[in-house]
2 protein chains.
Amino acid sequence: MSVNQDDASQAQINEYLQGLGQRAKAASFTLATLTSTQKNNLLSTISERLADNASAILAANAKDVAAAKANGLTDAMIDRLLLDEARLAGIIGDIDNVIALADPIGKEAASQLLDNGLRLTQRSVPLGVVGVIYEARPNVTVDIAVLALKTGNAVILRGGKETIESNKVLSDVIRGALNSLNLPQDAVQLIASPERAIVSGLLRLDKYVDMIIPRGGQALQRLCAEQSSIPVILGGIGICHLLVDKKADLNRAVDVIANAKVQRPTVCNALDTLLIDQQVAAAFVPKVAAHLHSLGVKFYVCEQTQGYLSGLGFDITPADDESFSTEWLSLTLGIKVVADIDAAIAHIRQHSSGHSEAILTDDIHAASYFMNQVDSAAVYVNASTRFTDGAQFGLGAEVAVSTQKLHARGPMALDALTTYKWLAWGDYTCRG
Amino acid sequence: MSVNQDDASQAQINEYLQGLGQRAKAASFTLATLTSTQKNNLLSTISERLADNASAILAANAKDVAAAKANGLTDAMIDRLLLDEARLAGIIGDIDNVIALADPIGKEAASQLLDNGLRLTQRSVPLGVVGVIYEARPNVTVDIAVLALKTGNAVILRGGKETIESNKVLSDVIRGALNSLNLPQDAVQLIASPERAIVSGLLRLDKYVDMIIPRGGQALQRLCAEQSSIPVILGGIGICHLLVDKKADLNRAVDVIANAKVQRPTVCNALDTLLIDQQVAAAFVPKVAAHLHSLGVKFYVCEQTQGYLSGLGFDITPADDESFSTEWLSLTLGIKVVADIDAAIAHIRQHSSGHSEAILTDDIHAASYFMNQVDSAAVYVNASTRFTDGAQFGLGAEVAVSTQKLHARGPMALDALTTYKWLAWGDYTCRG
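About the thresholds
- Residues numbered from 1 in each chain as written.
- Chains lettered and ligands numbered in written order.
- Predicted model: local features only at pLDDT ≥ 70, side-chain atom pairs only at ≥ 80, totals over all residues.
- Heavy atoms only, no water.
- Helix = DSSP H or I, 4+ residues; strand = E, 2+ residues; numbered from the N terminus.
- Rg over C-alpha atoms; globule rule 2.2 N^0.38 Å.
- Buried < 20%, exposed > 50% of the residue type's maximum accessible area, 1.4 Å probe, protein only.
- Contact = heavy atoms within 4.5 Å.
- Areas by Shrake-Rupley, 256 points an atom, 1.4 Å probe, with all protein chains shown as cover.
- Lys, Arg positive; Asp, Glu negative; His and termini not counted.
- Charge placed at Lys NZ, Arg CZ, Asp CG, Glu CD.
- Buried area = accessible area lost by both parts, 1.4 Å probe.
- Salt bridge = Lys/Arg side-chain N within 4 Å of Asp/Glu carboxyl O.
- Polar contact = N/O pair within 3.5 Å; in protein donor to acceptor, adjacent residues only side chain to side chain.
- Pairing = 2+ DSSP bridges.
- Axes fitted to C-alpha atoms, helices over the stretch in contact; angles between N-to-C directions.
- Expected span 1.5 Å × (residues − 1).
- Bend = angle between axes of the 7 residues up to and from the residue.
- Least-squares fit on C-alpha atoms with pLDDT ≥ 70 in both.
- Parallel < 35°, antiparallel > 145°, perpendicular 65-115°, else oblique.
- Left-handed = near helix turned anticlockwise from the far one by under 90°.
- Nonpolar A, V, L, I, M, F, W, Y, C, P; charged D, E, K, R; others polar.
- UniProt positions renumbered as here; feature names shortened; annotations may be inferred.
- Domains from an automatic or database assignment.

Caption draft 1: Broad picture of the overall build of chain A. Along chain A, the regular secondary structure elements total 14 helices and 16 strands. In terms of C-alpha radius of gyration, chain A reaches 24 Å, essentially the compact-globule figure of 22 Å for 432 residues. In terms of principal-axis extent, the alpha carbons of chain A reach across some 70 × 70 × 40 Å. For chain A, buried positions account for 57% of its 432 residues. If you take every contact in chain A between residues at least 6 apart in sequence, the share linking residues at least 24 apart comes to 71%. Put simply, chain A shows about 16400 Å² of open surface, and 48% of that area lies on carbon and sulfur atoms. Chain A carries 36 positive and 46 negative side-chain charges, and their two centres are separated by 4 Å.

And the structure:
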């Protein structure tokens, strides 16, 4: 943390990053050998120390909030970075949930005695060092550190500058807990400098860092995809679709669509584009629009939808290709009438971010066809897209929601923080 | 294939790549829905057509060989790109082996009925489009196309320019087989232009390509790691170590070391650095060096090893940090005396590429400690490093040997060409 924001030269940054990486990697080797009991004991200690240090944490957070107000951040952003006693208690309570989860490390699979004389097994092991780049949510600091430590990984945290005071205290408490148990405190390191060049450098630290998780918006995801020489888990961007098939139950459909759009519009699994089969469009479009309008939703619509809705007093804007490629994160919905299920699937293939898509239909053939043809992390029949979530999927924990296809897809749980190594025993065995 | 080497503008290249990607992605959706029988039937057709077109294939290969000779390529390189009747028969025979493998697509796991009312399952599906960049080995063209098609993936092939005539005929035969079964021939596309900007562009084609596999040397691996915005499977670089522990059986050790170094020195799982515990170094170093010397091995040695070997007539060179970070791919071996097992592990952590490491010991504690502490794709006790191979591991096929930790590690088989999607059924179910 010795790098100064203003005059940090590239050489200083490189030296800082090398040290950061070396310390993390060294710590990771110790973490990797801990038993489940030792790791759970560590998490309990962290939980206790966070509770003991609640007033210092809240005081640091108050500084962040004051700075945010002084800097004119929006109320929504301030709400995201705010901690109070109840929220902190929630963060601490979540640690107990993680303690209760099964440890995915040290399992052996694919064990066999091979013809060549080797006894071979595939053992699950920690990834090593995980780098996480995130925005102004102090809860992520604790969540990610706890999930990394539970799986025997070291972690490098780069949070948003808006929560720097909170993050410093939170990471200090976690490092203190490690230290109190004679464990390497560098298993958790916070990059406190807001210097942007440090992020670029972190993304090239492939000698020490095994995985990068960007938890933030589109710009951060693209930055990581384009600049990182370390494997990146892209995710958390959901341009989600729901198709009302010609055989959907139109009465029941309205509630599911409202749930997908309105229940929590600011998250990645909220509905962005409603596709409606033209055979039911005349009946359904005004009906669903009226209900959503009553819930505060405004619309970006195709020409045909506009025909059904104009003059009814709704907030409608003509949609273009760009609107249909937008993750709204608000009470806004794209609506498009499609010729048939194939046109809907083609639209999804063109515009989806590969997160979550749904079909509402009473036709088992349409349901099966949609599931087979749509290639997204989660595909639903007769359900809201809002279910794409680690807790809803019964995974116990959520590291991120991956929209890429390698390593992990959809809600990522503890397993996604592991890899495996092949172990083979011989008797001075040579290859023939 | 319409891009000309000399005057291809960036705009032309971009247009070419967009078309290539769109066609591959479109084909991938058809491939993904094929049954195992359909896919095996396709592979049989490819096998038959390759046999039927043997003379055209060998004639094209003869052009490549003639050009290679004219261009002064080494005998070793010419041998790599050479096809003859026996080699072609071997390539075709391997297709039958792939046909016999179980299809990993369409398996469902983690199926459960959730408290929220959803029935959830995780179905294995193809990755989609795989891009493979490789060097002058025409067998890779067939191998990779067959493995991709077996798993329902489309593939974009970018082989070395030295085998372009062979690759054109091979890919045309495969595309003809697809076409004859009314399957999209663009499931297999060859980039015939040697234009380097096409590789850079391919690495940024993340809208269409789901995974990049570079099969080649260090320079190609780094290029892909640094430039690709698509997930890359790095691999095939093995700086492999073997530790002779103080409790090793020194007589039996010699054969294992000779096997690891000499049996096939040009491949990634061959031994690069021999580490010897100082307690047995005086007895063992001259013994093993004499045997390896008789097999034609020359040595890069630490100072202590030099003391044991000087004046004995072996080919020795003083080693430095760089020699200990070299993948020799030849009858060359680094030798270093280490203070103890921890010093050996520290050396491995610093110099290994994470491929394969071995310990020779009769001490069960040392064996277990080494396996736990060494973090490479394959770790051996009392066996040669040469076993790190899909066939030797009983996997039936090998796509590549991954030295990264995400998605797949070590020998990658058909499973590594798959991902999964989450499928959920509700009854117009909303999130509470």
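Don't stop here, the text continues.
Caption draft 2: Region of interest: the interface of chain B and chain A. Contacts between chain B and chain A engage 79 residues on the former and 79 residues on the latter. Counting each side, the surface lost to burial between chain B and chain A is near 6700 Å², with a carbon and sulfur contribution of 52%. The largest per-residue losses of area from chain B upon contact with chain A belong to Trp422, Tyr428 and Arg431 of chain B, which jointly make up 15% of the total buried on that side. One can count 6 salt bridges joining chain B with chain A. Linking Asp206 of chain A and Arg222 of chain B is a salt bridge whose minimum nitrogen-to-oxygen distance equals 3.1 Å. Summed over the shared surface of chain B and chain A, the number is 57 residue pairs in polar contact (both at pLDDT 80 or more).

Caption draft 3: Representation of the sheet that holds strand S10 (residues 316-318) of chain A within the structure. Pairing in this open sheet of 10 strands is mixed, and the strands run S10(A)-S9(A)-S11(A)-S8(A)-S7(A)-S12(A)-S13(A)-S16(B)-S2(B)-S1(B) from one edge to the other. The open sheet terminates on both sides in strands that have one partner only, identified here as S10 of chain A together with strand S1 (108-113) of chain B. For this sheet, the mean angle separating the axes of adjacent strands, direction not counted, is 20 degrees. Note: S1 of chain B against strand S2 (residues 119-126) of chain B, 4 bridges, orientation antiparallel. Considered in S2 of chain B, the bridge of Gln112 of chain B is made with Leu120 of chain B.

Caption draft 4: Unusual backbone geometry, seen in detail. Residue and element names in this part refer to chain A. Not every positive phi belongs to a glycine, and Tyr428 is a case in point at roughly 55 degrees. Along the polypeptide, Tyr428 turns up in strand S16 (residues 418-429). What makes Tyr428 buried here is its relative accessible area of 8%.

Caption draft 5: Geometry of the sheet that holds strand S13 (residues 378-383) of chain B. Spatial ordering of the open sheet is given by S1(A)-S2(A)-S16(A)-S13(B)-S12(B)-S7(B)-S8(B)-S11(B)-S9(B)-S10(B), a layout of 10 strands whose pairing is mixed. One side of each edge strand has no neighbouring strand; the edge strands of this open sheet are strand S1 (108-113) of chain A together with strand S10 (316-318) of chain B. Shown here is a sheet whose adjacent strand axes are inclined to one another by a mean of 20 degrees, direction ignored. Relative to S16 of chain A, strand S2 (residues 119-126) of chain A runs antiparallel, the two sharing 8 bridges. Opposite Arg123 of chain A, over in S16 of chain A, you have Lys421 of chain A as the bridge partner.

Caption draft 6: Seen up close, the side chain of Gln392 of chain A. By the secondary structure assignment, Gln392 of chain A is in the loop between strand S13 (378-383) and strand S14 (400-402). Side-chain polar atoms of Gln392 of chain A contact the side chain of Asn116 of chain B, separated by 2.8 Å. The residues touching Gln392 of chain A, leaving out its near neighbours within four places in the chain, are Phe387 of chain A together with Leu114, Asn116 and Arg431 of chain B.

Caption draft 7: Main features of the environment of Ser310 of chain B. Residue and element names in this part refer to chain B. The topology assignment puts Ser310 in the loop between helix H12 (303-309) and S10. Overall, the relative accessible area of 47% leaves Ser310 in the partly exposed class. Sequence spacing of Ser310 and Pro286 is 24 residues, and the spatial spacing of their C-alpha atoms is 9.7 Å.

Caption draft 8: How the structure looks around helix H11 (residues 278-294) of chain A. Residues and elements named next belong to chain A. Given a rise of 1.5 Å per residue, 17 residues ought to cover 24 Å, and the 24 Å separating the end C-alpha atoms of H11 matches this to within 8%. At Phe284, H11 is deflected by roughly 50 degrees, the largest bend along its length, and proline Pro286 occurs up to four residues later in sequence. All buried positions along H11 are accounted for by Val280, Ala281, Phe284, Val285, Val288, Ala289 and Leu292. At the N-terminal boundary of H11, the capping side chain belongs to Asp277, with an oxygen 2.9 Å from the backbone nitrogen of Gln279. A positive backbone phi angle near 95 degrees is found at Gly296, which sits one or two residues after H11.

Caption draft 9: Spatial organisation of the relation of the copies chain B and chain A. Taken as rigid bodies, chain B and chain A are interconverted by a rotation of 180 degrees and an axial shift of 0.0 Å, the fit giving an RMSD of 0.0 Å. Seen this way, the second copy is the image of the first under a two-fold rotation axis. When C-alpha distances to the rotation axis are compared across chain B, the minimum falls at His407 of chain B, with a value of 1.9 Å.

Caption draft 10: Focus on the packing of helix H5 (residues 85-100) of chain B against helix H6 (residues 138-150) of chain B. All names here are of chain B. The contact between H5 and H6 brings their axes to 10 Å, and the two run at 15 degrees. Our classification of the angle between H5 and H6 gives roughly parallel. Considering the relative orientation of H5 and H6, their crossing is right-handed. Seen from H5, the contacting residues are Ile91, Ile95, Val98 and Ile99; seen from H6, they are Asn139, Val142, Val146, Leu147 and Lys150. Considering only residue class, the contact of H5 with H6 consists of 7 nonpolar, 1 polar and 1 charged.

Caption draft 11: Summary view of the pairing of S16 of chain A. Counting buried residues in S16 of chain A gives 9 out of 12 residues, a clear majority hidden from the surface. As paired strands, S16 of chain A and S13 of chain B are joined by 5 bridges and run parallel to one another. Opposite Leu423 of chain A, over in S13 of chain B, you have Val379 of chain B as the bridge partner.

Caption draft 12: Representation of the UniProt feature "domain: Aldehyde dehydrogenase" (unreviewed entry) in chain A within the structure. Feature annotation in UniProt places "domain: Aldehyde dehydrogenase" (unreviewed entry) on residues 22-297 of chain A, given in this structure's numbering. Regarding residues 22-297 of chain A, the helix share stands at 53% and the strand share at 16%, and the terminal C-alpha atoms are separated by 51 Å.

Caption draft 13: View of the packing of helix H2 (residues 36-52) of chain A against helix H6 (residues 138-150) of chain A. Residue and element names in this part refer to chain A. Their axes nearest at 9 Å, the elements H2 and H6 cross at an angle of 160 degrees. Classed by the angle they form, the pair H2 and H6 counts as roughly antiparallel. Taken as a pair, H2 and H6 cross one another with a handedness that is right-handed. Seen from H2, the contacting residues are Lys39, Asn40, Leu42, Leu43, Ile46 and Leu50; seen from H6, they are Val142, Val146, Leu149 and Lys150. Taken together, the residues of the contact of H2 with H6 break down into 7 nonpolar, 1 polar and 2 charged.

Caption draft 14: Up close: the domain arrangement of chain A. By the assigned domains, chain A splits into domain 1 (10-233 + 409-425) and domain 2 (240-392). For domain 1 of chain A and domain 2 of chain A, the distance between their C-alpha centres works out to 36 Å.

Caption draft 15: Inspection of the pattern of salt bridges at higher detail. Here the structure, examined in full by the defined rule, presents 26 salt bridges over all chains. For Glu162 of chain B, the salt bridge identified is with Lys161 of chain B, shortest N-O distance 3.9 Å. Residue Glu162 of chain B is classed as partly exposed on the basis of its relative accessible area, which comes to 24%. Judged by its relative accessible area of 58%, Lys161 of chain B is exposed. Through salt bridges that share partners, Lys25 and Asp210 of chain A together with Asp375, Lys405 and Arg409 of chain B make up one connected network.

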